[in-house]
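Observations on the three-dimensional arrangement
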Amino acid sequence: MSADTIQIDLSALAPDRQVDELKRQYLSLRGQAAVVRARVGALPVRQYISMLERGYRVAFERDNDSYLLTLWPDGSTPRLGLRGAHSIACHRDGRVYTNTTDNRIAVIDGATRKVVKHVAVGDDPSHLELSHDGRRLYVANSSSNDVTIIDTVFDQVLTTAPTGKRPLLPCVAADGESVYLPSGPDRTVTVLSAAGEFKKTVPVGLAPHDVAVSPDSRWAYQPNSASHSMTVIDGHDYTVTAEVKVGLGPGHVVFDPESRFAYVANTLSDDVTVIRTGDHEAVATMAAGAGAHLPALSSDSRYGYVANFAADTLTVWDCRTHRVIATIPVGIYPHFFALSPDGKWIVVSNTGESSICLIDAHDYEPRARLLVGGAPAHIAFSPDVELAFVACESSDEVAVINLGRQCVVELVRAGTAPQ
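Okay, so let's go over this structure. (Residues numbered from 1 in each chain as written. Predicted model: local features only at pLDDT ≥ 70, side-chain atom pairs only at ≥ 80, totals over all residues. Heavy atoms only, no water.)

**Concerning the overall build of the protein**
Within the protein one finds two helices and 36 strands. Computed over the C-alpha atoms, the radius of gyration of the protein is 20 Å, within 12% of the 22 Å expected from 2.2 N^0.38 for a compact globule of 419 residues. A principal-axis box enclosing the C-alpha atoms of the protein has dimensions of 60 × 45 × 45 Å. By residue count, 61% of the 419 residues in the protein fall in the buried class. Pairs at least 24 apart in sequence give 42% of the contacts found in the protein among residues at least 6 apart. Within the structure as shown, the protein displays about 16100 Å² of accessible surface, and the carbon and sulfur contribution to it stands at 49%. Taking the average location of the 37 positive side-chain charges in the protein and that of its 49 negative ones, the two points are 2 Å from each other. (Helix = DSSP H or I, 4+ residues; strand = E, 2+ residues; numbered from the N terminus. Rg over C-alpha atoms; globule rule 2.2 N^0.38 Å. Buried < 20%, exposed > 50% of the residue type's maximum accessible area, 1.4 Å probe, protein only. Contact = heavy atoms within 4.5 Å. Areas by Shrake-Rupley, 256 points an atom, 1.4 Å probe, with all protein chains shown as cover. Lys, Arg positive; Asp, Glu negative; His and termini not counted. Charge placed at Lys NZ, Arg CZ, Asp CG, Glu CD.)

Okay, here's the thing in structure tokens:
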């Protein structure tokens, strides 16, 4: 064992305490070329995913009847402290919305790239989503346990509706009838109407993450990271229809445009489960890279992609054969990626090194690697697909990227006063 390897036993601590200690070790050993190997006891689902989500370089392995988490403090730059720009959405008229500091949403003119307004919301706004008609913006407030609904015609708050504890990514059904918000601590999904009226609280599995609704609005699929299952919610009456076993640590889901199949990224088993929605049966499993977390499909649903947090790669598969056809190297910790609506580009946020990769979507070749603000995360595109907007949490900026010129044209400070 190398002299630079530090071994600790955290198995007697609760999972949250383990994470706190691992973060402390990570920060205290930065710059020392050290490795930390921590014994954590049972399968460390919450610990592993929590640290991956924050950008720590971490891996896990089984050791007889317990598990070890290994950290490389010099391996990446984690997201720390500032709750700056993270989630982002672009309206069809070109306005860009992102969360920013002081419990606000920034409204940015995509043409002039100026902040034009701030809208006060709840405590610690984390994720947001536009309705499909663009008339409402939904903001999940993780510390006030509610969702703020903003009228995008006037950029004013319509209402604030209660949810479960620490609501996660809101998902709006395509028919506009329902909004789904998972709560990890409560192990539930809150269902609201488009205007915010309460519809139902649905019990789901352990550590629910990013709920997804099929394009036909028929089903809501809720991946449960700690019970390694998918809760299937009926989009008509919001009852639980099925509980589907998938891989270990499912986090995110994507449906094909016809709502026939769902693809589930499993972060701990490093694979993707394919579920047939007609009978909610798992019909295939495809190997991916370490820390498989976020799936996406091409616009013609011919190809699928998944970002592998711990492997610094994207895996590509053929949706007809369910076979992996390519692995694309990217930067450190690809927290988020998106395919441009015109099908030309794959844009990848490398959160662990504060850069963006631009990849040719036809031949899977990287074309540019651009430095942006700290901890780039979610991505949105301008209506004409000329620009990509990337929310950078640690620096509270929005990076504006010209896709054709393959360059950063501006870094917009989300928290600055409107101009």
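**Concerning unusual backbone geometry**
Even without being glycine, Asp-102 reaches a positive phi, approximately 60 degrees. Following the sequence through the fold, Asp-102 ends up in the loop between strand E6 (95-100) and strand E7 (104-109). Despite not being glycine, Asn-103 has its phi angle at roughly 55 degrees, a positive value. Accessibility expressed as a relative area gives 25% for Asn-103, which makes it partly exposed.

**Side note on the packing of aromatic side chains**
Inspection of every chain in the model, using the stated rule, returns eight aromatic pairs. Judged by centre distance (4.6 Å) and plane angle (90 degrees), the rings of Tyr-26 and Tyr-56 are edge-to-face. Note that Tyr-26 is positioned in helix H1 (residues 15-28) and Tyr-56 in the loop between helix H2 (45-53) and strand E3 (58-63), a separation of 30 residues in sequence. Exposure class is identical for Tyr-26 and Tyr-56. Each is buried. Centre to centre, the rings of Tyr-48 and Phe-60 are 4.9 Å apart; their planes meet at 65 degrees, and the pair counts as edge-to-face. Of the two residues, Tyr-48 is situated in helix H2 and Phe-60 in strand E3; the sequence distance between them amounts to 12 residues. For Tyr-48, a relative accessible area of 2% translates into the label buried. Classification of Phe-60 as partly exposed rests on a relative accessible area of 23%. Site record: aromatic cluster; members linked through ring pairs are Tyr-48, Phe-60 and Tyr-67. (Phe/Tyr/Trp six-rings, centres within 6.5 Å; stacked < 30°, edge-to-face > 60°.)

**Observations concerning the sheet that holds strand E26 (residues 303-308)**
Judged by pairing direction, the sheet is antiparallel, and its four strands sit side by side in the order E25-E26-E27-E28 without closing on themselves. One side of each edge strand has no neighbouring strand; the edge strands of this open sheet are strand E25 (292-297) and strand E28 (323-329). Between one strand axis and the next, the sheet turns by 25 degrees as a mean value, whatever way the strands run. As defined by bridge partners, E26 adjoins strand E27 (residues 313-318) across six bridges and the pair is classed as antiparallel. Note that in E27 the partner of Tyr-305 across the bridge is Val-316. (Pairing = 2+ DSSP bridges. Axes fitted to C-alpha atoms, helices over the stretch in contact; angles between N-to-C directions.)

**What about the pairing of strand E1 (residues 5-9)?**
When a strand is regular, its side chains alternate between the sheet's two faces. Looking at chain direction, E1 and strand E2 (residues 35-41) are connected through five bridges and run parallel. Paired with Ile-8 across the bridge in E2 is Ala-38. As for the winding sense of the linkage, the β-α-β connection from E1 through H1 to E2 is right-handed. (Right-handed = clockwise from strand over helix to strand, strands pointing away.)

**Looking at the sheet that holds strand E30 (residues 345-350)**
The four strands are arranged E29-E30-E31-E32 in an open sheet whose pairing can be described as antiparallel. In this open sheet, the two strands that pair with only one neighbour each are strand E29 (334-339) and strand E32 (366-371). Pairs of neighbouring strands in the sheet enclose a mean axial angle of 20 degrees, with direction left out of account. Here strand E31 (residues 355-360) runs beside E32; their pairing, made up of five bridges, is antiparallel. Residue pairing across strands places Ile-356 opposite Leu-370, the latter belonging to E32.

**Focus on H1**
Working note: α-helix, 3.6 residues per turn, so residues spaced by three or four point in the same direction. With 14 residues, H1 should reach 20 Å at 1.5 Å per residue; the first-to-last C-alpha distance of 20 Å fits that figure. Every buried residue of H1 is accounted for by Gln-18, Val-19, Glu-21, Leu-22, Gln-25 and Tyr-26. Seen along its axis, H1 keeps its buried residues to an arc of 165 degrees; they face one direction. As for H1, its buried residues are in contact with E1, E2, H2 and strand E4 (66-71). (Expected span 1.5 Å × (residues − 1). Arc of directions from axis to C-beta.)

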